[in-house]
Every structure is written in C-alpha cells, then in structure tokens.
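What follows is the residue order along each chain.
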Amino acid sequence: MLGTLPEESTSFVGRNRELSRLKRALARHRLTTLVGSGGVGKSRLALRAARQAVELFPHGVAWAELSPLAGDRLLLATVSDACDLSDHTPRMPVDALCEWLGDKQFLLVLDSCEHLLASCRALLGDLLTAAPGLTVLTTSRRPLEMANEHVIEVAPLSPEGLDAVELFNQRMATAAAMESCEHSAYGQAPARSDEECRQDDDQAAGPPADVQRAGVQWGAQVPHGFTVAQICRRLEGIPLALELAAAQAARTSVEEIAGRLTSRFDVLKAGERARVQPERHRTMRTTIGWSHELCSPRERLLWARLTVFRGDFDAQAVRAVCTGDPIGVGEVDPLLDGLVAASVVTVVRGPQGSGLRYRMLDTIREYGASWLRALGEDAATAERHAEHFLEVVCEAHDRWLGPEQAHWYRTIGEVHTDLCTAVDHFLTVSPARAVRLAGRVGFFWSCCGHLHEARDYLEQALAAHGSDGPDRTQGLWALGFAATLQGDYATAQHVSEECMLAARRDRARGYGPEGTLAAAYLGGLIALLTGRPRAADVLAGHALDAAGGEPFDSPNNLRCHLAQVFALTGLGELAQARERALTLRRGCVDRGESWTRAYLDYQLSLIALFSGDPPGAAEHARAMLEGKQGIGDSFGIALGLDLLAAALAAGGDGERAGLVYGTGQAFWSTVGHPQRGTPELRAVRDECEQTARAHAGDSAYAAAFERGANMDLATGLKEALVPLSGGPGPDCR
C-alpha cells in the first residue's frame, strides 16, 4: 500500500452528490481536477473521495499537499515522499519516480496545484505516460489544461439547503467548546477600552488599503429575527466563510454576527472592489477580512507573522520566530489559542510522541501574508525564521550522541519544507550560513531518504561560499556522504579528498580533530563499499591515533570506530570485530544512542552468520531493524531485512526467509540502490537464498517471496520483526 492520507480534523458535512460524481470520475478518467475558489472545500472533498476510493486501487493512495511549496523546487521531492519513494541513486529523480510507479495501480492526489500549474502539467505528463495504472486527482483554483483532463467544478454548499446550516452549527459548537477550554486555562480576558485598542492598532500598524476601505460599521443595528439560515445565504454557503463566522458566533452570538456581516457587506457592495472581483471571491475575502478585524490587534499581528511558516509549526517555533514588539513570549500561547478558536489556525495531530502542531490554510495564509508585506515585516520575519531553523539543526547536530536521536530525526522530518525555505533564504542573503545549515542537516536528510535535496543544496551552498573553515569541511563531508549513499563513488571519492585537504587546513589553523575524523570516516565508508576493507581500517586508524580520546568523545570519533568494525569483519577477523562491536554497543546502550548501535547490530548479525550462529544473527538483525524503524531509515531497514532473511534461511526456515526477502525487495525498490550493502554480504545473501529455496521448495518460496514483496511496507516490517520463539535478545550475548 502506497502513501498515507491526512487525518480529517473536523467532521465532514454533506457533499453526497459531489462524492458520487467524483467516484464515477475516478473510475472512468485517469486525470480529474476539482476546480473552485479558495475556501470552497476542494481539499476536504478530495480527501473524503480518496478515503472512499481506497478499495478501487490495489496499491493504495498517495496524498501530496503542495500548498506549502513556494515554488516548484520541492515539487518532485514532495510527490516522491507521498509515494513512499526515497531514491538513493544519482539518476534523475523524475526517472526514478516513473520507474517506481510504472507497474502500480493507485491513486495520486495533488492538493493545491494552482501556483504550480506548469510544473504539475510537466510532471503529470511524464507520470501518466510511464504508469498506465496511475489515476490522478488534483485540486486547483484553475484547471491544469491537460489533454483528457476531466474537470469538476466545486460549488459552495447550497445556501438554501440544510448542509450549510448543519456545517455552521457543528463548527459553532466546536468553537464554543474550545472557547470554554481557553477561558478555563487562561481566564476571561478583560474588556479593553477604545483608547487601548487604538494604541494596540498603532503598534501593530494599519491594514492594507483595500481592507481599510471595507471596514466594519460597528454601530450597525442588528435586524430582528436574523437566523443562521440567513447567515448561510449571506455567505453564499462557502464552507471556509461559514467556519470563520461560526467561530466568531461562539464568542458572541448569532444575532451580533449577523449584524456585523450585514454592515460589512453593505459597505463592500458600494465599494470599488465589488465591481472588479467575482462575487464568490469577494465574499471569501470579505469574510476573512471581517474575521481578521474581529481578532485583537496582537492576534492579527501574530496571524501575519505566522505566514512565514511553510509547513506545520509548533508553539516553540512561534515563540522563536514571531515574538517581538508588541508581542511578548508569554503571550504566544493564549494568542495562538485565540487564532485556533477563530478558525484561523488549525490544530493538527503530529507523530506519536510529539506535541501540538498547528497549520494555516493557504487561503488564510495569503491574506495574512499581504498584511505582513504591508507592515514591512516580511524580510525581518524571514530572517528570524531562517535563523531559528539554523538553531534547530545545530542543536540536533550537537546532541547526536544523546538519547534523543529518534526525536531529532522526527523533528527534522516534520520541518523539512521550512528547513529548505531557510536554506533558500541564506543562499540569497548569507551563503556562509547556508553552508552551516546544509552541512549540519545533510546527514539527517541523507539517512532519511532526502538524498537529492541534500546533495543539491550542499552543492549550491558550497559553490556560493568557498571560504575555508570547519563549516565548509562539514559541508564537504555531508556532500560526500550523500554521493556515497547514491552509489556515485567517483564523485564521492573526489569530494572525500577535498574534505581531507580542508580538514588538514583547519588543523593547521588550530581547529580540533573533528574535520579529520569526519574525512577519515567518509574515505573509509567509500573504501568499505568498494571492497577495500584494509584501506578503510588504515584511514580510520590513522585518524583515531592522531585525535586520541575515547570513542564517545564525538560522533565522528565513534563513526571511525564503527568503520574499523566493518573493516575487521570484511577482513575475516571475526573474533576481534565481535569484541569491539560488543564494547561499542554497550556504550551506545548506556547513552541511548541508536544510529551507530543499529549498524553495530548489523555487524554482529553478520559475524554470527559467518560463525554458524543463525539464531544469534536473526536476533541482532531484528535489533538493527527496530533501531532503523525508529528513525525511518529505509536504506538501513532494507539492509537489515536482507540479513534477517539470510539468518532465517541458514536456520532452515526457508518459507519465512522467502517472505522476509520479499519484504526486503519492497524496501529496496523504494530506495533503488544499485548495491545492497557491503560486498561481503552479497555472496552470503545469494547462498542463503538458494538454501531457503531448497528448504521450502521452489513454489512455496516463490509464493512467500511474492507475498512479502506485495505487502505494504509497515505490515511487512511488523511481521518480520516477530521472533519465532522466545529467547535471549542481543543484550544477553
């Protein structure tokens, strides 16, 4: 099963006719586009339709949200991520995606294409040609204008029907409950005088001119007997407009909201903009503007500043990026709660173990961004945003050896789009900081499958900033690591040599041994993967002798020790390799370190296999898989599955080995790696596969392999991790 669908954070109301029409379209057309104005409900309709259509597509669905993308640079990477592809090869990413999708039958949803129409047309032209089983559903404010595109216009809910009223009532009840929670947490906010409001407005600066012209007449008289149905008619049934109005009604009353809406639309009707904009667009912008005016001045300012975030964000990031006169750090949480209560910001469910995260719809972000520009704060906010994410990456890099590795991997993954935005900003204003950021995040990106982005950004940053220093050395190391994982050993070797020279210059200027250790590990890794374990041992040994200290003094020191364990195994010195691996593994366990521990388990599994201990090999392989699963390292998982399958085959369980080999093949296909691990594993894998066939029989082995290869990745990995029987784990050996 490919991809996952976002959670539906609120109830879905109505749209039965549209869902039926869309279901028929997905069955008959390979490309369907939902077209409609901002806030009309295209994304929610597409999401519900995708959920209902899962059974029609044997390989599942993939959902790619494009609204966070400021340009087309990350379009292909975003779609590849949605399709569970983390290609590790140096080939063109579009070629990798076409090959990955070529034999699959599934649904790909591209949400919010309107700002990337030309790029989406080009990408979908390639994908639809290469993958005959692909069906695509897009949402956009305009059609893609592609051949055979089936366009469905999404209209608002009928203002005269019950669905609009039901939506309003449900959202008002939800907002009332949130408002109650907010008051219980922070206390009822005291009323402010007109003079206090004016002072706050002066501090926050004035609104754009078009918003000023369409201001609310606060003294308007409320029409008698105004009903929710009348509000729905006034707002033309536009879902986002109804949600914004319902959120405000929960704070005041339906009657007061009705009066304010009436006065505001009367002003707009006489205004200049009423003659130049489509009615639905005017209604949506007017409602957003009206909701904006009902926010406090500080809420409005926070709204504007929040638009700098491209993806989801948490309160800590908001405090770092959006505080500053007149918003204090202590005001962020209640102001965020106010924007959530007003339906300006949505609370989203983050990964397990993470705190609350927030999201802003693109329609609302666009409005706030116009305010940010009008306030003249866009450049300063972008700088604070980039600097914050540089600090996040530096902290993740500095805490590499601690117990929070999985947390930092998860954090880096959650803010991927914002990190790319930060690098883009620094490439323009400060190439030195671009090198610093890309160099420190490059290792995380490479381990989690963002190899193409890592390499692209590192090459750009290093070309823009050529000055020597530890940051450049770190950047060269990260670039060489990415090229190595792609199997581009010629480029990797060239970068490795440049990295070694840069590290020597750093030492001559009085810097510590970190650069030399990093360069030695990179050179050793290339040597290991190209069948030269003796060279890897010598490179790592010389660097460690020069640096001195203990393995856990630094990440690069530990990595060099890891390279020596790999080298000793490759040289056949199994007893020494096992002893050193167990010593290092105990140190990793004591510190909660998981990345190195996983690769030590890989080596211990291989050593056990070479030593005739299949059960021990299987236990260590499972331990490796658990570690790699925690950080989402598909390449490492694929390696571990191959090793586990080999151990199972050596132990005589040919059918289960076939299943795990098949699951491993499914993971290898997501990374497309030309070489499956170090050379010494290749012969073992081939021999054990033949052994598995002999134990299970060709037909049973083939059936088990096919089942594993066609199982969705999460289920296949879960099944592989189940041991056949209880017994001592790797910590007991």
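Being a predicted model, the structure only gives us computed values, none of them experimental.

## A short note on the overall build of the protein
Secondary structure summary: the protein contains 34 helices and seven strands in total. Of the contacts formed within the protein by residues at least 6 apart in sequence, a portion of 76% connects residues at least 24 apart. As displayed, the protein offers around 29400 Å² of accessible surface, 50% of which is attributable to carbon and sulfur atoms.

## A closer look at the sheet that holds strand β3 (residues 106–111)
Reading across from one edge, β2-β3-β4-β1-β5 is the order of the five strands in this open sheet, with parallel pairing throughout. Whereas interior strands pair on both sides, the edge strands pair on one side only; in this sheet they are β2 (61–65) and β5 (150–153). Going from strand to strand, the sheet's axes swing by 15 degrees on average, the running direction of each strand aside. Of the pairings in the sheet, the one linking β3 to strand β4 (residues 134–140) comprises five bridges and is parallel in character. Looking at β4, one finds that V109 is bridged to L137.

## Regarding the packing of helix α26 (residues 555–570) against helix α27 (residues 574–591)
At their nearest, the axes of α26 and α27 sit 8 Å apart, and the two run at 150 degrees to each other. The pairing of α26 with α27 is recorded here as roughly antiparallel in orientation. When you trace α26 past α27, the crossing you get is left-handed. Of the residues in α27, those touching α26 at L558, H561, L562, Q564, V565, L568 and T569 are L574, Q576, A577, R580, A581, L584 and C588.

## A few points about the nonpolar core
In globular proteins that are soluble, nonpolar side chains generally tend to be buried together. L108, L124, F168, L306, F309 and W595 are the most contacted members of the largest nonpolar core, which totals 211 residues. At twelve residues, the largest contribution of residues to this core is made by helix α30 (residues 634–650). The residues contacting L306, other than those within four sequence positions of it, are F313, V318, C322, L336, L339, V345 and M360. Counting 22 residues, the second largest nonpolar core, distinct from the first, contains F12, A25, V40 and L45.

## Digging into the packing of helix α17 (residues 378–398) against helix α20 (residues 431–447)
Running from amino to carboxyl end, α17 crosses α20 at an angle of 45 degrees, the nearest separation of the two axes being 9 Å. Comparing the axis directions of α17 and α20 gives the class oblique. The two elements α17 and α20 meet at a crossing, and its hand is left-handed. The residues of α20 that touch α17, namely those facing E383, A386, E387, F389, L390, V393, C394, A396 and H397, are R433, R436, L437, R440, V441 and F444. When its residues are assigned to classes, the contact of α17 with α20 shows nine nonpolar, one polar and five charged.

## So, the side chain of E453
As for its placement among the helices and strands, E453 is situated in helix α21 (residues 451–464). With no salt bridge to any partner, buried E453 finds its closest opposite charge in R73, at an N-O distance of 9.0 Å. Once residues lying within four places of it in the same chain are set aside, the contact partners of E453 are L74, A77, H416 and W445.

## Some points on helix α1 (residues 16–28)
An ideal rise of 1.5 Å per residue puts 18 Å on 13 residues; α1 measures up with 19 Å between its terminal C-alpha atoms. Listing the buried residues of α1 in full gives L19, L22, A25 and L26. The buried residues of α1 all sit within an arc of 125 degrees when viewed along its axis, so they share a single face. In α1, those exposed residues whose orientation departs by more than 90 degrees from the buried face are N16, R17, K23, A27 and R28. As for α1, its buried residues are in contact with β1 (31–35), α2 (42–52), β3, β4 and β5.

## Section: the packing of aromatic side chains
The full count for this structure, using the stated rule, is 20 aromatic pairs. Each ring, one from Y599 and one from Y602, has its centre 6.5 Å from the other, and the planes form 75 degrees; the classification is edge-to-face. Of this pair, Y599 and Y602 are both found in helix α28 (residues 595–610), three residues apart, which corresponds to roughly one turn of the helix. For Y602, a relative accessible area of 2% corresponds to the buried category. Judged by centre distance (5.7 Å) and plane angle (80 degrees), the ring pair of F635 and W668 falls under edge-to-face. In this pair, F635 sits in helix α30 while W668 sits in helix α31 (residues 654–671), placing the two residues 33 residues apart along the sequence. Residue class for W668 comes out buried when judged on its relative accessible area of 4%. Ring pairing ties together the aromatic residues W400, Y409, F443, F444, W477, F481, F566, W595, Y599 and Y602, which thus form one cluster. The lysine or arginine in question, K104, covers the ring of W100, its NZ or CZ lying 3.7 Å from the ring centre. Of note, R559 hangs over the ring of F443, and the distance from its end group to the ring centre comes to 4.4 Å.

## Regarding unusual backbone geometry
Residue P326 is bonded to the preceding D325 through a cis peptide linkage, with omega at 10 degrees. Relative to the assigned elements, P326 resides in the loop between α14 (315–322) and α15 (332–341). Although it is not a glycine, S112 sits at a positive phi angle of roughly 70 degrees. Topologically, S112 is positioned in the loop between β3 and α5 (117–130).

## Concerning the pattern of salt bridges
For the coordinates displayed, the defined rule picks out 34 salt bridges. With a shortest N-O distance of 3.9 Å, D314 and R357 are connected by a salt bridge. Highlighted residues: D314 in the loop between α13 (297–306) and α14 and R357 in strand β7 (residues 357–359), separated in sequence by 43 residues. Exposure remark for D314: the relative accessible area of 24% places this residue in the partly exposed category. The network of salt bridges with shared partners includes E8, R44, R48 and R51.

## What to know about helix α29 (residues 614–631)
Helical geometry: 3.6 residues make up each α-helical turn, so side chains three or four residues apart lie on a common side. Counted at 1.5 Å a residue, the expected span for α29 with its 18 residues is 26 Å, and the 26 Å between its end C-alpha atoms agrees. Most of α29 sits out of view: 14 of its 18 residues are buried. The N-cap of α29, judged by a side-chain oxygen 3.1 Å from the amide nitrogen of G616 a few residues on, is D613. A positive phi of about 70 degrees marks G632, the residue just after α29.

## Comments concerning the environment of Y409
As for its position among the elements, Y409 is in helix α18 (residues 405–414). Using a relative accessible area of 4% as the deciding quantity, one classes Y409 as buried. Measuring from C-alpha to C-alpha, the distance between Y409 and I631 comes to 5.8 Å, with 222 residues separating the pair along the chain.

## Structural notes on the confidence of the model for the protein
Atomic detail in the predicted coordinates should be set aside for any region of low pLDDT. For the protein, the mean per-residue pLDDT works out to 86, and 87% of the residues sit at or above 70. pLDDT under 50 marks residues 184–226. Its contacts with residues more than four places away, or in other chains, come to 66 contacts. Confidence drops under a pLDDT of 50 for residues 267–277, and excluding neighbours within four residues, the segment shows 17 contacts in the predicted structure.

## Some words on the environment of V318
For V318, the location among the structural elements is in helix α14. For the pair V318 and R305, spaced 13 residues apart in the sequence, the C-alpha separation amounts to 8.8 Å. Excluding residues that lie within four positions of it along the chain, V318 makes contacts with L302, L306, F309, F313, T323, V332 and L336.

## A word on the pairing of β4
For β4, a buried count of seven out of seven residues is recorded, marking the element as mostly surrounded by other parts of the structure. In β4, alternate side chains face the same way, and those of L134, V136, T138 and S140 on one face and T135, L137 and T139 on the other are all buried. In terms of strand pairing, β1 meets β4 through five bridges, oriented parallel. Residue pairing in the sheet places L31 in a bridge with V136 of β4. In terms of handedness, the path from β3 via α5 over to β4 forms a crossover that is right-handed.

The rules behind each value
Residues numbered from 1 in each chain as written. Predicted model: local features only at pLDDT ≥ 70, side-chain atom pairs only at ≥ 80, totals over all residues. Heavy atoms only, no water. Helix = DSSP H or I, 4+ residues; strand = E, 2+ residues; numbered from the N terminus. Contact = heavy atoms within 4.5 Å. Areas by Shrake-Rupley, 256 points an atom, 1.4 Å probe, with all protein chains shown as cover. Pairing = 2+ DSSP bridges. Axes fitted to C-alpha atoms, helices over the stretch in contact; angles between N-to-C directions. Parallel < 35°, antiparallel > 145°, perpendicular 65-115°, else oblique. Left-handed = near helix turned anticlockwise from the far one by under 90°. Core = buried A, V, L, I, M, F, W, Y, C linked by side-chain atoms within 4.5 Å. Buried < 20%, exposed > 50% of the residue type's maximum accessible area, 1.4 Å probe, protein only. Nonpolar A, V, L, I, M, F, W, Y, C, P; charged D, E, K, R; others polar. Lys, Arg positive; Asp, Glu negative; His and termini not counted. Salt bridge = Lys/Arg side-chain N within 4 Å of Asp/Glu carboxyl O. Expected span 1.5 Å × (residues − 1). Arc of directions from axis to C-beta. Phe/Tyr/Trp six-rings, centres within 6.5 Å; stacked < 30°, edge-to-face > 60°. Lys NZ or Arg CZ within 6 Å of the ring centre and 35° of its normal. Polar contact = N/O pair within 3.5 Å; in protein donor to acceptor, adjacent residues only side chain to side chain. pLDDT = per-residue confidence, 0-100. Right-handed = clockwise from strand over helix to strand, strands pointing away.

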